[in-house]
Protein chains: 2
Amino acid sequence: MARRPTVTSVQIAREAGVAQSTVSRVLNGGSVAPGTRRRVLEVLAKYDFQPSQAARSLVGARSGLIGVVIRDLTNPFYPVMIKAMERVLHGQGLRLTLVTDVLTAEEGLALLRREGVDGVVFTSAVADDPLAHRIVDHGIPLVLCHRTLEGFPADQVEADNVTAGRLAADHVLALGHRRIAMVRGPAGASTAEQRGHGFRQRAEDTRGTVLTEVDGSYDYAVAYAAVRALLSEPSPPTALFCQNDVMAYAALNAAAACGVAVPRELSVVGCDDVPLSAWERIDLTTVRQPLARIAEVGVELLLGRLAEPDAPYRHELLPVEFVERSTTAPA
Amino acid sequence: MARRPTVTSVQIAREAGVAQSTVSRVLNGGSVAPGTRRRVLEVLAKYDFQPSQAARSLVGARSGLIGVVIRDLTNPFYPVMIKAMERVLHGQGLRLTLVTDVLTAEEGLALLRREGVDGVVFTSAVADDPLAHRIVDHGIPLVLCHRTLEGFPADQVEADNVTAGRLAADHVLALGHRRIAMVRGPAGASTAEQRGHGFRQRAEDTRGTVLTEVDGSYDYAVAYAAVRALLSEPSPPTALFCQNDVMAYAALNAAAACGVAVPRELSVVGCDDVPLSAWERIDLTTVRQPLARIAEVGVELLLGRLAEPDAPYRHELLPVEFVERSTTAPA
DNA sequence: CTGAAAGCGCTTACAG
DNA sequence: CTGAAAGCGCTTACAG
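Reading guide: rules and limits
- Each chain carries its own residue numbering, running from 1 in the direction its sequence is written.
- Throughout, the order in which chains and ligands are written sets their labels, letters from A for the former and numbers from 1 for the latter.
- Reporting in this predicted model follows two pLDDT cut-offs: at least 70 for local features of residues, and 80 or more for side-chain atom pairs to be given and counted; totals over whole chains, interfaces and linings ignore these cut-offs and use all residues.
- Working from all heavy atoms in the structure, the side-chain values ignore hydrogens and water.
- Think of it this way: any DSSP run of H or I at least four residues long counts as a helix, any run of E at least two long counts as a strand, and we number them from the N terminus.
- We compute the radius of gyration over the C-alpha atoms and compare it with the globule rule, which gives 2.2 Å times the number of residues raised to the power 0.38.
- Only protein chains enter the calculation, and the probe is 1.4 Å; a residue is then buried if its accessible area is under 20% of its type maximum, exposed if over 50%, and partly exposed in between.
- Contact between two residues is taken to exist if any of their heavy atoms lie within 4.5 Å; hydrogens are not considered.
- The Shrake-Rupley method, run with a 1.4 Å probe, gives the accessible areas here. Residue values count only the displayed protein chains as cover.
- Note that His is not counted, nor are the chain ends; the positive residues are Lys and Arg, and the negative ones are Asp and Glu.
- Lysine's charge is taken at NZ, arginine's at CZ, aspartate's at CG and glutamate's at CD.
- Only a single heavy atom is needed: when it lies within 4 Å of a molecule or strand, its residue is near that molecule or strand.
- Under this definition, polar contacts are N or O atom pairs within 3.5 Å; protein pairs additionally need one hydrogen-donor-capable and one acceptor-capable atom, and for neighbouring residues in sequence, both atoms have to be side-chain atoms.
- Classification of ring pairs uses Phe, Tyr and Trp, with its six-membered ring standing for Trp, and accepts pairs whose centres are within 6.5 Å; under 30 degrees between planes counts as stacked, over 60 as edge-to-face, and the remaining range as tilted.
- Three classes are used, and their members are as follows: Ala, Val, Leu, Ile, Met, Phe, Trp, Tyr, Cys and Pro are nonpolar, Asp, Glu, Lys and Arg are charged, and the others, Gly among them, are polar.
- Strand pairing is assigned whenever DSSP identifies at least 2 bridges connecting the two strands.
- Axes here mean lines fitted to C-alpha atoms, for a helix over just the part in contact, with angles spanning 0 to 180 degrees between N-to-C directions.

K.L.:
Which residues make up the overall build of chain A, and what values do they have?
P.N.:
Within chain A, the regular secondary structure consists of 12 helices and 12 strands. For chain A, the C-alpha radius of gyration of 25 Å lies well beyond 20 Å, the compact-globule estimate for 331 residues. With the C-alpha coordinates of chain A rotated into their principal frame, the extents come out at 85 × 40 × 35 Å. Considering chain A as a whole, with its 331 residues, one finds that 55% of them fall into the buried category. At a minimum sequence separation of 6, the contacts of chain A that also span at least 24 residues come to 71%. Carbon and sulfur atoms form 51% of the exposed surface of chain A, whose accessible area is close to 13,500 Å². Here chain A contributes 34 positively and 38 negatively charged side chains, and the mean placements of these two sets differ by 8 Å.

Next up, the structure:
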C-alpha cells in the first residue's frame, strides 16, 4: 500500500552527480556554483521533484503550516476571508489548515499540535475561549483576527465595530424610529459587544427611545425564531438592528413570513456587508466591514510575529462604512 | 525560533521506564502488557502527548491527509460538503487539506504531492481536467465526487442529474411554458451536461417548445449579465431553467433589476437546493441534490479504495427530488 | 563552493 | 510482551 515510487533528493543528487546536501542547497537558495546549480535544476525539472513536507517540517524549525480557526463555515462571510488568507499565505510558500466546529476545542488543539503549525489565525474567539487560551499556553504564536479579546496576549486586528454600531443607530434614529430592537450576537464575541455598545450609546442619547434586545447568536435559525417572536408581540419594534448580516437575512425572511412589510412597517439594518447583501432580493442596508482586508492583516500580523517573536503586540483597527440600501425607511 | 519544547515519545518512554517502541505500540494499539500500558498511558496523559504527524507520515505508509479539491469556495453549496467530509474523515482520524482556485492546477498538484496526501476527493472536475489527470498519473488515489468524468479511471459519485433536468422541464412544461431559456453551467462539467441533456430531451418531446440556451458558467455575475440580456430581448422567455441555484439567484435578482415580476411574468427553476433557496425572500423552486450525502459517499469511496486498491471502480448515483416553491407559475 | 554526517520523531520488522 | 536498531527524506552545522 505504501505508494512510494516518489523521487527523493538522494536520487536527484545521484543523477546530478552531487551530494544530497547540494540538492538541498539549490532547493533552499544556499550558495552553489552556477554550473552545479544548473545541472541540479535540470534533474529536478526532469522528475518534477517535490520535496517531502513531512521531512522538512520534521527537521526544520518551521512546518510551513498555518492553522486557521473558523468555527461557523456556513456564514457566507468566511469564504471571502479564507480566500484572502490563502492568497497571502500562498505568496509566502505557506499552507493553511482549517479548524471548524466539527472539532471540539480539545480536538482542535490536538490537531494543531500534531500538525506542528507555525502559528494560528483565530477568527472565532469568544471571551474565555478555551481553544485560544490553550493555543497560547502551548507557546504557539496566535493572532486574533476579526474577533478580539481585551488584554489577550496576542496581535489583534478587527473592524471599528463600535463605530459600526453607532452608524447603524444614527441612521435608524435619524429616520425617526424610537421603538427599536437589537438582535445580538453571542455574549463574549467582541464584535457583538462592540456593535451593541455603539448602538446602545446612541440610543440612550436619544430621548424617547425604547430599545429591546434579543439574542440571535449570529445564527440564522436562532435569529429567525427571535424575530418572529418579536414581531408577534403587541407593539413590535419599527426598526431592527441585527448585529450581523446573516441575522438580518433571517429578520427579512421572518418579516416576510409574518406578513410584515419591509421597509414600510419595519426597517432592518445589518452589519458586515457580505456580497449577498447587495442582491436585489435582499438589498440590505448595512455597515460594511473590510472582510478581505481584515483577513490579510491577520495573516500579515502572524507572519510579522514569526519573524520577530519579541516585538510588542500590535492592535489594528480597520474602518467601517455605512451602506444605505432599501431595507430602511422613515418611521 | 525553533519552538521545540515539545514532548517526544522518547521522553515519554524514559519517564515511563520503557523503550520508545513500546510507547509507539500503546499509541498504535500494538500488543502491550496491561500494566505496562497503564503506566505509559499515565505519562502520556500527564504531558497530553501528541505524536508528530510529520514523523508519522515520514516513516509510515500513510500520511493521514486527504486532499479535497473545491475550486469555487464561494458557492454556498460547498461549506455543506466540507462539513460532511470533515465529519467522516475525523471519525477515521484523518485530516483534510483544501485546494481552491487560489492555486493553479500545477500548484495544486505540487501541493498535494509535497504534502503526501493519501488520496484526493475531487469535486470540481471538468472534461480533460488537467489536475484530475495529473493526480492519477502520479498514482494518487482519486474519487470524483459530485462532478464526474465518463470513462475516467476512478470511483465516482454523483446525483442523478439527468433526472434533475427532466423534473425541471416537466414542471415548467406542465405549467404551459413554451418559450423557455436554459442558463447553462460551464461546458465540461458533467452536472451541467447531464442536467442540460435531461431538460432538452423533455423540451424536444414537447411540440411548440422554443428553447434558448445561454452560458452562466455556474457563476453569479456571469449568469446575472446573461439573464439581463435575455430579458431585454424583444420576446423574452417566460420560463428559465438555471442549472444551479446560484445562477437562479442571479436570475431572480436580474429579473428584479429589470422590473420583471417573478413568477407572474417569469418562472425560474434552479437546481441543487442549497439552504438559501428556502428563504422567504428567495423561495426558489428547484431540484434537490443530496449534498451532504454526496460528500459522504465520496469520502467513503476513497476510504474503500485505500483499503482495497484493486477493487473494481464503483459509480454511485444518488436520487434527486423536485421541490416546488414560489418562483414558478402557469404561463 | 561542496561533501560527509548527524539528527528530527516516529514506525516497523527483528530478536529475544 | 518488550527492547535495540534501522530508516523515512530532509536541513543544518562542520570540515575542507
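K.L.:
Outline the protein's contact with DNA strand D, listing residues and values.
P.N.:
Contacts to DNA strand D come from 25 residues, most closely from Ser-9 and Ser-24 of chain A together with Arg-25, Ser-31 and Thr-36 of chain B. Take the atoms of DNA strand D that sit within 4 Å of the protein: sugar and phosphate atoms are 60% of them. A distance of 2.7 Å separates a phosphate oxygen of DNA strand D from a polar backbone atom of Ala-33 of chain B. Secondary structure elements with two or more residues in the surface near DNA strand D: helix H2 (20–28) and helix H4 (53–59) of chain A together with helix H2 (20–28) and helix H4 (53–59) of chain B.

K.L.:
Give me the lowdown on the packing of aromatic side chains, citing residues and values where you can.
P.N.:
Counted under the stated rule, the structure contains 10 aromatic pairs over all chains. For the ring pair Trp-279 of chain A and Tyr-249 of chain B, a centre distance of 5.3 Å and an interplane angle of 40° mean the geometry is tilted. Of this pair, Trp-279 of chain A sits in the loop between strand S9 (267–269) and strand S10 (286–288) while Tyr-249 of chain B is found in helix H11 (residues 245–258), placing the two residues in two different chains. One exposure class covers both Trp-279 of chain A and Tyr-249 of chain B, and it is buried. Put simply, the rings of Tyr-220, Tyr-224 and Tyr-249 of chain A together with Trp-279 of chain B pair up and form one aromatic cluster.

K.L.:
Explain the protein's contact with DNA strand C to me, and be specific about the residues and the numbers.
P.N.:
The full set close to DNA strand C counts 25 residues, and Arg-25, Ser-31 and Thr-36 of chain A together with Ser-9 and Ser-24 of chain B are the nearest of them. In DNA strand C, atoms within 4 Å of the protein come 60% from sugar and phosphate. Within the side chain of Ser-21 of chain A, an N or O atom sits 3.1 Å from a base nitrogen of DNA strand C. Here a base oxygen of DNA strand C and a side-chain polar atom of Arg-25 of chain A are 2.6 Å apart. At the level of elements, H2 and H4 of chain A together with H2 and H4 of chain B are the ones that each hand at least two residues to the surface near DNA strand C. Ranked by residue count, the leading element in the surface near DNA strand C is H2 of chain B, at 5 residues. Class assignment of the residues belonging to the surface near DNA strand C gives a composition of 10 nonpolar, 11 polar and 4 charged.

K.L.:
I'd like a description of the sheet that holds strand S2 (residues 95–99) of chain A, backed by residues and values.
P.N.:
All names here are of chain A. The parallel open sheet is built from 6 strands, whose spatial order is S2-S1-S3-S4-S5-S11. Strand pairing shows two members of the sheet lacking a second neighbour, S2 and strand S11 (315–318), which therefore form its edges. The sheet shows a mean angle of 20° between the axes of neighbouring strands, taken without regard to direction. The pairing of strand S3 (residues 119–122) with strand S4 (residues 142–145) spans 3 bridges and is classified as parallel. By the bridge assignment for S4, Val-120 is matched with Leu-142. Strand contacts of helix H7 (residues 130–137): strand S1 (65–69), S3 and S4, with the helix running at about 160° to S3, the strand carrying the most contacts.

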